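Summary of the model geometry
Here is how the chains run, residue by residue.
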Amino acid sequence: MRGRTWVLAALFLAPAVMPAGQAPIVVDYPLNGSIFPPEFPPPTFAWRDTTSGATTWAIDIAFAGGAAPMHFKAPGGRWRIGPIDPRAVGPTNQPPKLTPEQAAARTWTPDAAAWSTIKKNSVGAAATLTITGYRDAAMTQAASSGKLNIATSADPVGAPIFYRDVPLMPSETEKGVVKPLASNAIPLIAWRLRDVSKPESRVLMTGIHSCANCHSVSRDGRTMGMDLDGPRNDKGLYALFPIERRAAIRDDNVIAWSTFRGKLGGKLRVGFMSQVSPEGQYVVTTINDPGPPASDYAHRKNPVDLVSNYYVANFKDYRFLQVFYPTRGVLAWYSKASGRLEPLPGADDPRYVHTNAVWSPDGKYLVFARAAARDAYPAGSRIAERANDPNETQIRYDLYRIPFNNGRGGAAEPIPGASANGMSNSFPKVSPDGKWIVFVKAANGQLMRPDSKLYIAPAEGGQARLMKCNTPLMNSWHSFSPNGRWLVFSSKSRSPYTQMFLTHIDENGDDSPAILIENSTASNRAVNIPEFVNVAPDAFEAIDAPVTDYYRMIDEAEANLEKRQFGAAVREFERAVAVNPNEAVVRNSLGLALARAGRRDDAMEQFRKAIALTPDYPEPYSNLATAFAGAGNLPAAVDNYEKALKLDATYPEAQAGLGTLYISMDRLPAAIEHLEQAVKYKGDDARSRANLALALARNWRAKDAVPHAEQAVKLSKGQDPDMLDLLGSLYAETSRFPDAAATERKLLALVEKKGDPRMIAAVRAKIALYEAGRVE
């Protein structure tokens, strides 16, 4: 084995000799020295001819083992962009484009029979490919040439790759708040399985209404773990389920981190980058103490445990749309048998952040990243606007090793070569034979950094070597094959839409240039979190996720609310409440749907139940107040609005509701005070602006009212008749008669579409009055 490896290396290093008078051909893919798995399908070769005169190319292959050479004629088709998923096209991304090098490239893909022969004859000895460009179809006038060596390994990949297939569609859901993916696009995420012997991948799961990520697999291929986000994207659930031909994530497979409490009694909310142990009995994860007990609403309103412990920046640039890493946290381990979550002694020092923990193949120790703990967003820090922005919170991790010792832990020791090197070292993976650690180095943070590179070091520590497989842009999310001879990883070297690559690693830890796993997804979608699964490819066909039906019901109900299909919204919310009757937010949403469907009493019952479940949740108080106002019970309405504002004085809907109610009660100074607060906290609400203008006008402050009425018309895009009429009246009150007449003409255009003769006549009369410089 060692001799064969040395021979291949020697052949790969042999210099290519260019025939005299011929221009060079640059082979872009595969790179010289690439090694292919024996089961790999035909790749697409790509080269650039430095002469413009070549029109036809010859591919000649010679085998060092003495097999008969092969000859092919190649027309040299152009590089093609693969299929596009139209669902993943949006205003915040761009379709994939060819780079100048790709646009200039010529390509050739051998047929299956030819590739099979090439692989057979290049096992243990390199094949030399010579590409010659000819000026004529008869191939008598050679113009250019280039060479490369490739080989086929005797080591099969031997296992399929499970990965997440995602659209890159950053979304600014509200001003200044960017999300990597809008909520309504989450069902577009797919989870695929790739048998590298096949030309395409197949979908195991898609269409779920909860974001699932950061999966890991036990070494025996029997258990998978996966983070599941709740309806508020809170990473509060973890699925631990058996891998079967048709696997399923059911309620009894889900761990709610909120069932565990921190030292101060508060519910845990996040388990970060969790990893399943080799035999599937344990999960190691990063947790943070959430502090004193608080309600779910209070945590959502002021998520101190998240904001101070995790640096997250989302960008509008789809190419690198997110950066995230913890700045505080300790390691904890969950036992499937006992159902307990315990801190790991030796990795529980709050002075440090401990993260990215992975298991050794025998489960006896863990390797993790550690750094001095710090605030995720230090006071006075500026917001980063792009990946590797100097304004990112700076943190550099070192890799440590700690014994698991059946949960008793021990002393954590830095790993030489992967610590104290001036870089951030993260995302370690231990080879199945326990000899090597492959990890990521970057200038800051962890994982998917533009400058991230893969390094390999002895598991016990030693010199870390930059791997040959690294591409020019982002190298991360790697995983060893069960036999330890192949490493899969993600990179953006060929496209902003992340792709999946393989490299061969021999017993000496030497790796080969990366080869692309083609057709992993549509060309405008990204591959991430590739993970080998130690099963036969046909033993894992689908994942059903009935546990996520709850979130689908909520999403569909909210979509129906937006479409004003109130009956359908009520039915979906009622189904969700039947599944989980103790979720105050969903109870409140059901109440809103019932109110809009005209079922006021039923709505009030749901608001009361939401309040009983979470007494410090202001929204149901405000909604109950609105219902009381509609029923004519003004004192009860005022009381509940005031309760909502006592809980959250910045809640604009309660401020606006109480202010509007005070107008009807002729308490104009109080109305103005509350409506001004509503506008302060939600200045883009046209109705609050209009009501504030109305209150000011009735309080003899027409001049102060005008700017608010103008803003109301602008926000409603001039399509609200009441707001136009209010603005016209205010212009007239302030002697701006030309503006008043012009505004009423806009109103006339609206009412003429409705065809109401009385309204048309009334507006025309106002126009005449204002044109005459008179007020009603």
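See the structure above.
Everything in this summary refers to the structure shown in the same document. (Residues numbered from 1 in each chain as written. Predicted model: local features only at pLDDT ≥ 70, side-chain atom pairs only at ≥ 80, totals over all residues. Heavy atoms only, no water.)

For the chain, the helix and strand inventory stands at 18 helices and 39 strands. Of all 776 residues assigned to the chain, the portion counted as buried reaches 55%. The contacts in the chain between residues at least 6 apart in sequence include a share of 59% that link residues at least 24 apart. Taken as two groups, the 90 positive and 82 negative side-chain charges of the chain have centres that lie 2 Å from each other. (Helix = DSSP H or I, 4+ residues; strand = E, 2+ residues; numbered from the N terminus. Buried < 20%, exposed > 50% of the residue type's maximum accessible area, 1.4 Å probe, protein only. Contact = heavy atoms within 4.5 Å. Lys, Arg positive; Asp, Glu negative; His and termini not counted. Charge placed at Lys NZ, Arg CZ, Asp CG, Glu CD.)

Moving on to the sheet that holds strand β17 (residues 237-242). Here we have 4 strands laid out as an open sheet, ordered β15-β16-β17-β19, and antiparallel in their pairing. Edge strands, defined here as strands with exactly one partner in the open sheet, are β15 (212-217) and β19 (254-256). In this sheet, adjacent strand axes meet at a mean angle of 20° when their direction is disregarded. Bridge analysis of β15 against strand β16 (residues 223-228) gives 4 bridges, and the strand direction is antiparallel. Opposite Ala212, over in β16, you have Leu228 as the bridge partner. (Pairing = 2+ DSSP bridges. Axes fitted to C-alpha atoms, helices over the stretch in contact; angles between N-to-C directions.)

This next bit is on the nonpolar core. Counting 112 residues, the largest nonpolar core has Phe162, Phe540 and Ile543 as its most contacted members. Leaving out residues up to four positions away in the same chain, Phe540 has contacts with Phe162, Leu193, Arg202, Leu204, Met224, Ile243, Glu244, Arg245, Ala247, Val533 and Val535. The next biggest cluster of nonpolar side chains, apart from the first, holds 65 residues, and it includes Trp108, Ile131, Trp436 and Trp477. (Core = buried A, V, L, I, M, F, W, Y, C linked by side-chain atoms within 4.5 Å.)

With that settled, the discussion passes to the packing of aromatic side chains. Counted by the stated rule, this structure contains 22 aromatic pairs. Between Phe36 and Trp115 the ring centres are 5.2 Å apart and the planes differ by 85°, which places this aromatic pair in the edge-to-face class. In this pair, Phe36 is assigned in strand β2 (residues 34-36) and Trp115 in helix α3 (residues 112-121), connecting sequence segments 79 residues apart. Both residues of the pair, Phe36 and Trp115, belong to the buried class. Summarising the aromatic geometry, the rings of Phe72 and Trp108 are spaced 5.2 Å apart at their centres and angled 45° between planes, so their arrangement reads as tilted. Remark: Trp108 occurs in strand β7 (residues 106-108) and Phe72 occurs in strand β5 (residues 70-74); sequence separation between them is 36 residues. Here Phe72 matches Trp108 in class, with each residue buried. Taken together through their ring pairs, the aromatic side chains of Phe36, Phe40, Phe45, Phe72, Trp108 and Trp115 make up a single cluster. Across from the ring centre of Tyr352, 3.8 Å away, lies the NZ or CZ of Arg370, which sits over that ring. Lying over the aromatic face of Phe320, Lys492 brings its terminal NZ or CZ to 5.3 Å of the ring centre. (Phe/Tyr/Trp six-rings, centres within 6.5 Å; stacked < 30°, edge-to-face > 60°. Lys NZ or Arg CZ within 6 Å of the ring centre and 35° of its normal.)

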